[in-house]
Amino acid sequence: MPNTLAYIVVFSYPLVVLLLFRKLSLPKALIWSILGGYLFLPEKTGIDLPVLPVLDKSTIPALSAAVMVWLKRERSDPVKARQERSEEPGRTAGRPVRVRRQGGRLMLLLLIIGTVAPFATYYVNREPVIWGAKYIPAMTIYDSFSMVLATFMAFIPFLLARRQLASSETHREILKSLVWAGVVCSLLIFVEVRLSPQMNRWIYGFFPHSFAQHIRGGGFRPILFLEHGLRVGIFMSMVALASCGLFGLREGKRPGFWLFLAGWFIIALFLSKNFGAFVITLLLLPVALLPVQRPKVIIAAFLASIVLMYPIARGGGIIPLDAITSAAYRISEDRAESLVYRLDNEGALLERANEKPFFGWGMWYRNGVFDENGKRISVTDGIWVIIIGIRGWAGYIGFFGILTLPIVLLAYRSRQLSIDRATVGLMLVLVANLVDLLPNSSLVPITWLIAGALAGRYEQGRQVANVEREGSSSRRRTIKRKSPGGRRSHA
């Protein structure tokens, strides 16, 4: 159980956010508010209010950052803030041009689908679920409102980043922030590898998960202040790729320093005993170090598309599961057995989800599988199967569409938008996280923040292109009116 200090730290975090916004620029303050809350606030420490989502390390930083962004923009230039809420202005031929947010329409549609789908989930789940002696009550309209609010809270980092972190300069700042946060976490990893994962217990008075799951290979898997050691692994994978991205930018007087840090992070990741995250890093590391940007963009879009289509391929039997498990047995029998266990659970949960494919089974583990005695026999790991089981395909398309389409759209328009190395590096960082979502549930505020920054970059690029096109058309019309050849002759 969390101690008093844990609650004090969580509920005083808005003061930390206030200090960050007073001392740093708006983009830096926003990044560190979300990043710091995720990495260093305690898990399972919050207040569960009626209807409202739990106020904890995910919701408090997001709400605090949203309030501070609004206050800072209003106080800095209230007239401009009101103008930007109504339109995105450009200036062509001496007059303002209203810019259409073409890329934002699709994102807005996905946000609406992901947010309002729980109302349909409630409509199709008004009966109880009975498995032998297990009785799970029907969903209520109260539950649907709770799901909608929880979804909106999860989307806040995405919405903030989409407006405030859409430029190449802010993408560079995200990469730097990830790397410096990775330096701190790597030092804590070395402590917990040596002394066992005790940091959360020493400071906050409890261990946030099963200790047995953090004993690996005769040593320990660090957990730091996160929910599970697996999340430590994918975060270190992301910071290693971010460091490679900064090396490609030749940032600073000694760009080789970023490459050194990438090696340092890979060592920390290896010692953390996260095999999946380590494999993801080894596969993406050569891509991140490529000097040419176009192959990086194509590979990032290809992997994002695979993640988006994975449930269809999994349910259709397209994925060669036997070949994958055979390869895993050749590497490690323990790892292979863990993989087979995960795949068996995925299959059972996917079969259960297919009974209500459009809007899912709703809350209270109604999407789970039980035996004839009412004992739960399924374990949910991959976030994709969790979302499909609870929210159905509508929820899955809303969530994973928002996460993957920014990468695909940026790749499709990469030449037109002239995306630079910082944006490409951030795309690879997000891809690493997305691939990890297939076996794990590492969908965290940092994931939403990066996805929002990439979505904003796509929309911003489309706006600039629209301004340039309208400007060119306006100049052509002006020249035609002034040209003698453009006037009608009345002989």
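Below you will find a few notes about this structure. (Residues numbered from 1 in each chain as written. Predicted model: local features only at pLDDT ≥ 70, side-chain atom pairs only at ≥ 80, totals over all residues. Heavy atoms only, no water.)

Brief notes about the overall build of the chain
Stated precisely, the cut-off is as follows: Strands here are runs of E lasting at least two residues and helices are runs of H or I lasting at least four, both read from the DSSP assignment and numbered beginning at the N terminus. Burial classes: relative accessible area under 20% of the type maximum marks a residue as buried, over 50% as exposed, and values in between as partly exposed (1.4 Å probe, protein chains only). Contacts were defined at the residue level, with two residues in contact if any of their heavy atoms lie within 4.5 Å. Exposure was quantified through the Shrake-Rupley algorithm and a 1.4 Å probe, taking into account, for residues, occlusion by the shown protein chains and nothing else.
Counting its secondary structure elements, the chain contains 19 helices and 6 strands. The burial tally for the chain puts 52% of its 491 residues in the buried class. Contacts in the chain between residues at least 24 apart in sequence constitute 73% of all its contacts with a sequence separation of at least 6. Total accessible area on the chain is roughly 23000 Å²; 63% of this is exposed by carbon and sulfur atoms.

Some remarks on the nonpolar core
Applied cut-off: Here, nonpolar core refers to any group of buried Ala, Val, Leu, Ile, Met, Phe, Trp, Tyr and Cys residues whose side-chain atoms link them within 4.5 Å.
Core analysis: the biggest nonpolar cluster contains 129 residues, and Leu-178, Met-236 and Ile-450 have the highest contact counts within it. Examining the composition of this core, we find that 16 residues originate from one element, helix H16 (residues 383-412), more than from any other. Look past the residues within four positions of Met-236 in its chain and what remains in contact with it is Gly-182, Cys-185, Ser-186, Ile-189, Phe-265, Ala-268 and Leu-269.

Notes on the packing of helix H8 (residues 168-195) against helix H18 (residues 421-436)
The test is simple: Orientation is described by axes fitted as lines to C-alpha atoms, over the contacting stretch for helices, and by angles from 0 to 180 degrees between their N-to-C directions. For this classification, under 35 degrees means roughly parallel, over 145 means roughly antiparallel, 65 to 115 means roughly perpendicular, and everything else is oblique. In this scheme the crossing of two helices becomes right-handed for a clockwise turn of the near helix relative to the far one and left-handed for an anticlockwise turn of less than a right angle. Side-chain classes are defined by residue name, with Ala, Val, Leu, Ile, Met, Phe, Trp, Tyr, Cys and Pro counting as nonpolar, Asp, Glu, Lys and Arg as charged, and the others, Gly among them, as polar.
Interaxial distance between H8 and H18 falls to 8 Å at its minimum, and their mutual angle equals 50°. As the angle between them shows, H8 and H18 are arranged oblique. Read as a crossing pair, H8 and H18 show a hand that is left-handed. Contact residues: H8 offers Ser-168, His-171, Arg-172, Ile-174, Leu-175 and Leu-178, while H18 offers Ala-422, Thr-423, Gly-425, Leu-426 and Val-429. Residues that form the contact of H8 with H18 fall into these classes: 6 nonpolar, 4 polar and 1 charged.

A look at unusual backbone geometry
Residues other than glycine seldom take positive phi values, yet Ser-196 does so here, at roughly 85°. Note on placement: Ser-196 falls in the loop between H8 and helix H9 (199-204). Ser-196 gets classed as buried once you look at its relative accessible area, which sits at 8%. Unlike most non-glycine residues, Tyr-365 shows phi in positive territory, near 60°.

Observations regarding the packing of aromatic side chains
Note on aromatic pairs: each is described by the distance of the centres and the angle between the planes. This is how the line gets drawn: Ring pairs are drawn from Phe, Tyr and Trp, using the six-membered ring of Trp, whenever the two centres fall within 6.5 Å, and their geometry is named by plane angle: stacked under 30 degrees, edge-to-face over 60, tilted for the rest. We count a charge as sitting over a ring when the NZ of a lysine or the CZ of an arginine lies within 6 Å of the ring centre and within 35 degrees of the ring normal.
Enumeration over the complete set of coordinates arrives at 19 aromatic pairs. On the numbers, 6.2 Å between centres and 35° between planes, the contact of Trp-180 with Phe-257 is tilted. Taken together, the residues Trp-180 in helix H8 and Phe-257 in helix H11 (residues 256-271) connect sequence positions 77 residues apart. By relative accessible area, which is 40% here, Trp-180 ends up partly exposed. Residue classification places Phe-257 among the partly exposed residues on the basis of a relative accessible area of 35%. Among the aromatic residues, those joined into a cluster by ring pairs are Phe-40, Tyr-204 and Phe-225. The aromatic ring of Trp-361 is capped on one face by Arg-352, whose charged end is 3.5 Å from the ring centroid. The cationic tip of Lys-356 hangs over the ring face of Trp-361; the distance from NZ or CZ to the ring centre is 4.5 Å.

What about helix H2 (residues 13-23)?
We apply this condition: As used here, the arc is the angular range of directions from the helix axis to the C-beta atoms.
Turning to H2, its buried residues number three or more, namely Tyr-13, Val-17, Leu-20 and Phe-21. The buried residues of H2 occupy an angular sector of 95° when projected down its axis, which confines them to one face. Exposed and oriented more than 90 degrees from the buried face of H2 are Leu-15, Arg-22 and Lys-23.

Considering helix H13 (residues 293-315)
Here is the rule: Expected span of a helix: the number of residues minus one, times 1.5 Å.
An ideal rise of 1.5 Å per residue puts 33 Å on 23 residues; H13 measures up with 34 Å between its terminal C-alpha atoms. Summarising the contacts, the buried residues of H13 are in contact with helix H12 (275-288), helix H14 (321-331), helix H15 (333-353), H16, helix H17 (414-417) and H18.

Describing the packing of helix H10 (residues 229-249) against H11
The interhelical angle for the contact between H10 and H11, taken along N-to-C directions, is 165°, at an axis separation of 8 Å. Taken together, the axis directions place H10 and H11 in an arrangement best described as roughly antiparallel. In this structure, H10 meets H11 at a crossing whose hand is left-handed. Counted together, Gly-233, Met-236, Ser-237, Val-239, Ala-240, Ser-243, Cys-244, Leu-246 and Phe-247 of H10 and Gly-256, Trp-258, Leu-259, Leu-261, Ala-262, Phe-265, Ile-266, Ala-268 and Leu-269 of H11 form the full contact between these two elements. A breakdown of the residues in the contact of H10 with H11 according to their chemical character gives 14 nonpolar, 4 polar and no charged.

As for the pattern of salt bridges
To keep it simple, the criterion reads: Each salt bridge in this description consists of a side-chain nitrogen of Lys or Arg and a carboxyl oxygen of Asp or Glu lying within 4 Å of one another.
Under the defined criterion, the tally for this structure stands at 8 salt bridges. The salt bridge involving Lys-356 is made with Glu-127; its shortest N-O contact spans 2.6 Å. Of this pair, Lys-356 sits in the loop between H15 and H16 while Glu-127 sits in the loop between helix H6 (102-123) and strand S3 (129-131), and the two are 229 residues apart along the sequence. For Lys-356, a relative accessible area of 16% puts it in the buried group. The exposure class assigned to Glu-127 is partly exposed, which follows from its relative accessible area of 32%. Linking Asp-381 and Arg-342 is a salt bridge whose minimum nitrogen-to-oxygen distance equals 4.0 Å.

Some details on the environment of Ser-64
Relative to the helices and strands, Ser-64 is located in helix H4 (residues 59-76). Residue Ser-64 is classed as buried on the basis of its relative accessible area of 11%. Contacts of Ser-64, omitting those with residues within four sequence positions, involve Pro-14 and Val-17.

A few points about a nonpolar patch on the surface
For clarity, the threshold we go by: Residues qualify for a patch when their relative accessible area is over 30% and they have no salt bridge, like charges being joined within 9 Å and the nonpolar side chains of Val, Leu, Ile, Met, Phe, Trp and Tyr within 5 Å.
There is a patch of nonpolar side chains on the surface, built from Leu-108, Ile-112, Val-116, Phe-119, Ile-141, Tyr-142 and Phe-145 and spanning about 610 Å² of accessible area. Those elements giving two or more residues to the nonpolar patch turn out to be H6 and helix H7 (141-164). The greatest single-element share of the nonpolar patch, amounting to 4 residues, is contributed by H6. You can see Ile-112 is positioned in helix H6. A residue is classified by how much of its surface remains accessible, and Ile-112, at 43% relative accessible area, is partly exposed.

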